[in-house]
Amino acid sequence: KRFHHVSTDEVYGSLGADDPPFTPDTPYQPTTPYAASKAGADHLVRAFFETYNLPVTITNCANNFGPFHDPEKLIPRFITNLLTGKKVPLMGKGENIREWLYVEDHASAIDTVLQKGKLGETYLIAGEEKTNLEVTQMILKILKMDQNMIEFVEHRLGHDFRYANDGSKLKELGWQRKHNFEE
């Protein structure tokens, strides 16, 4: 009945500290091969809608966290490092900003789009903005460890400064997050 494509906020590029969040109309400006491949997939899905009238919807989401999180991602990697006595490799000064969304909220957002979303449309799923340092400090606090467990490292190539989504279009369908980051 419908093809739903799950994408990322990274397709839109990097925001400055005071830039407004991405909207579905923000021009694509991917800065890494990964983001470019996701942007290409978004365009391919849209082309099938336009050319063949394939019933599609697209969501571009913030960073997810929760059970079964890939162990090489920031939160599980930092927890695993700390629990095994290793320092956490925080890029730069931890100033990069990401939105975080609990995985069950992501699943409910997709379900909302599948149930109520308009064919051919893109919906952005927003989370809570946190610097990487804030996330790291929360993990350290929970594990009762201090800042000396942070090892500041060089930024990786293509490390965008900030991602943020304007989720108002999705909220118009009645969706809301049920979980907050601190919880």
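Everything below is about the structure shown above.
So, here is what we can say about the structure in this document. (Residues numbered from 1 in each chain as written. Predicted model: local features only at pLDDT ≥ 70, side-chain atom pairs only at ≥ 80, totals over all residues. Heavy atoms only, no water.)

1. What to know about helix α1 (residues 33-52)
Phase 1 of the analysis: Relative to the 28 Å expected for 20 residues at 1.5 Å per residue, α1 spans 28 Å between its end C-alpha atoms, a close match to the ideal helical length.
Phase 2 of the analysis: Along α1, the positions that sit buried rather than exposed are A35, K38, A39, D42 and V45. For α1, the buried positions fall inside an angular range of 120 degrees around the axis, keeping them on one side. In α1, the exposed positions angled more than 90 degrees off the buried face are occupied by P33, L44, T51 and Y52. (Helix = DSSP H or I, 4+ residues; strand = E, 2+ residues; numbered from the N terminus. Expected span 1.5 Å × (residues − 1). Buried < 20%, exposed > 50% of the residue type's maximum accessible area, 1.4 Å probe, protein only. Arc of directions from axis to C-beta.)

2. Looking at the environment of M91
Phase 1 of the analysis: Among the structural elements, M91 can be located in strand β4 (residues 88-91).
Phase 2 of the analysis: Each C-alpha atom, one on M91 and one on S14, is 16 Å from the other, the two residues being 77 residues apart in sequence.
Phase 3 of the analysis: Here M91 is in contact with V153, E154, H155, R156 and H159, once residues within four sequence places are set aside. (Contact = heavy atoms within 4.5 Å.)

3. A word on the pattern of salt bridges
Phase 1 of the analysis: Inspection of every chain in the model, using the stated rule, returns four salt bridges.
Phase 2 of the analysis: For K130, the salt bridge is made with E182, and the minimal N-O distance between the two is 2.9 Å. With K130 in strand β7 (residues 128-131) and E182 in the segment after α5 (168-171), this residue pair connects regions lying 52 residues apart in the sequence. (Salt bridge = Lys/Arg side-chain N within 4 Å of Asp/Glu carboxyl O.)

4. Notes on the packing of helix α2 (residues 74-83) against helix α4 (residues 132-142)
For any two helices packed against each other, the geometry is given by the interaxial angle and the distance between the axes.
Phase 1 of the analysis: Between α2 and α4, whose axes approach to 10 Å, the crossing angle comes to 40 degrees. Judged by the inter-axis angle, α2 sits oblique to α4. For α2 against α4, the interelement crossing comes out right-handed. Residue-level contacts link L74, I75, F78, I79 and L82 of α2 to N132, V135, T136, I139 and L140 of α4. (Axes fitted to C-alpha atoms, helices over the stretch in contact; angles between N-to-C directions. Parallel < 35°, antiparallel > 145°, perpendicular 65-115°, else oblique. Left-handed = near helix turned anticlockwise from the far one by under 90°.)

5. Considering the packing of aromatic side chains
Phase 1 of the analysis: Tallied over the entire structure, the rule returns seven aromatic pairs.
Phase 2 of the analysis: Judged by centre distance (5.5 Å) and plane angle (40 degrees), the ring pair of F48 and Y52 falls under tilted. You can see F48 and its partner Y52 sitting in helix α1, four residues apart, about one turn around the helix.
Phase 3 of the analysis: F48 gets classed as partly exposed once you look at its relative accessible area, which sits at 38%.
Phase 4 of the analysis: Ring centres of W100 and F181 lie 6.1 Å apart, and the angle between their planes is 50 degrees; on these two criteria the pair is classed as tilted. In this pair, W100 is assigned in strand β5 (residues 97-102) and F181 in the segment after α5, connecting sequence segments 81 residues apart.
Phase 5 of the analysis: Its relative accessible area of 4% is what places W100 among the buried residues. (Phe/Tyr/Trp six-rings, centres within 6.5 Å; stacked < 30°, edge-to-face > 60°.)

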